[in-house]
Amino acid sequence: MVNVMVLSDKSIRDEIASGRIGINPFDPSDVQPASVDLHLDDKVLVFRNSTAPYVDLREDVPELNEMVVIEDDQPFILHPGEFVLGNTLERISLSDSIVARLEGKSSLGRIGLLIHSTAGFVDPGWDGHLTLELSNVSRLPLTLYKGMPIGQISFQYLSTPAENPYGSEALRSRYQGQTTPTASRMHVGFDETLRG
C-alpha cells in the first residue's frame, strides 16, 4: 500500500514533467515548497440579487448571474460582504492517482479575502480551470486584478488510482472542462439525488 502524502516541490515538478499533473500556463517560479501559486483570470461572475427573490436549488436561474471582464490594469472592486465567482488563469488537470487542494494565499487572507467557501477539493481526473468562490469578509472594499496571485494548489497521491475519476460516465460530473467561472449546477439531477 502506498502512503498518502503531500507532494514536495521536487515531486510536483516531476509529476508535471510526466504529465500526471497539468498546469497551463506554467511558470516554474510559481512552485513553492509544497504547492504551486495560481493566478486570477479576467472573468468574474457577479450575482444580481435583484433578479430573484430566492435561489431554488432545483431550478436553473441563469438571470441571477452576470459575467464581468476585468480589463488590464483596471481593478474589480469586491465590496465588504460581497460574494462573486472567479476562476484560475491556469487550467489544471490531474491523473487518476492524484488529488489536489486549493487554498488561499496568507497575504490575502490577512486582509479579508477568502477564495473558496467549500470548493477547495480537486478530484483525481479533473481537467479545467478552477472556479473560485471569492468573498470579502473585511470592512473595506478590496481590489482584484487580472493575473494577480490568488491562491495555491497542493497535491497528494491516492492510496490507489480512482476507479471512477472525475469526468467518468458513472459520476455525471457537472464541471469537467470548464473555462470560465461556472454558476452552480446543483439543479442538474437534483430530484434523482434526493431519491438516492
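Residues numbered from 1 in each chain as written. Predicted model: local features only at pLDDT ≥ 70, side-chain atom pairs only at ≥ 80, totals over all residues. Heavy atoms only, no water.

### Overview of the overall build of the protein
Scanning the protein for helices and strands turns up 3 helices and 12 strands. Evaluated residue by residue, the protein yields a buried proportion of 39% over its 196 residues. Partitioning the contacts of the protein with sequence separation of at least 6, the portion at a separation of at least 24 is 77%. Roughly 11,000 Å² of accessible area belongs to the protein as shown, and the carbon and sulfur atoms make up 51% of that amount. (Helix = DSSP H or I, 4+ residues; strand = E, 2+ residues; numbered from the N terminus. Buried < 20%, exposed > 50% of the residue type's maximum accessible area, 1.4 Å probe, protein only. Contact = heavy atoms within 4.5 Å. Areas by Shrake-Rupley, 256 points an atom, 1.4 Å probe, with all protein chains shown as cover.)

### Topic: the sheet that holds strand S9 (residues 121-122)
Spatially, the 4 strands line up as an open sheet ordered S2-S12-S7-S9, and their pairing is antiparallel. The sheet is open, and its two borders are formed by strand S2 (36-39) and S9, each paired with just one other strand. With 7 bridges joining them, strand S7 (residues 98-104) and strand S12 (residues 149-157) adopt antiparallel strand pairing. By the bridge assignment for S12, Ile98 is matched with Tyr157. (Pairing = 2+ DSSP bridges.)

### Points about the nonpolar core
Generally speaking, nonpolar side chains in soluble globular proteins are found buried as a group. Ranked by size, the top nonpolar core spans 35 residues in total, and within it Leu134, Ile150 and Phe155 carry the most contacts. The residues touching Leu134, leaving out its near neighbours within four places in the chain, are Leu40, Leu78, Glu82, Phe83, Val84, Gly86, Leu114, Ile115, Leu144 and Ile150. (Core = buried A, V, L, I, M, F, W, Y, C linked by side-chain atoms within 4.5 Å.)

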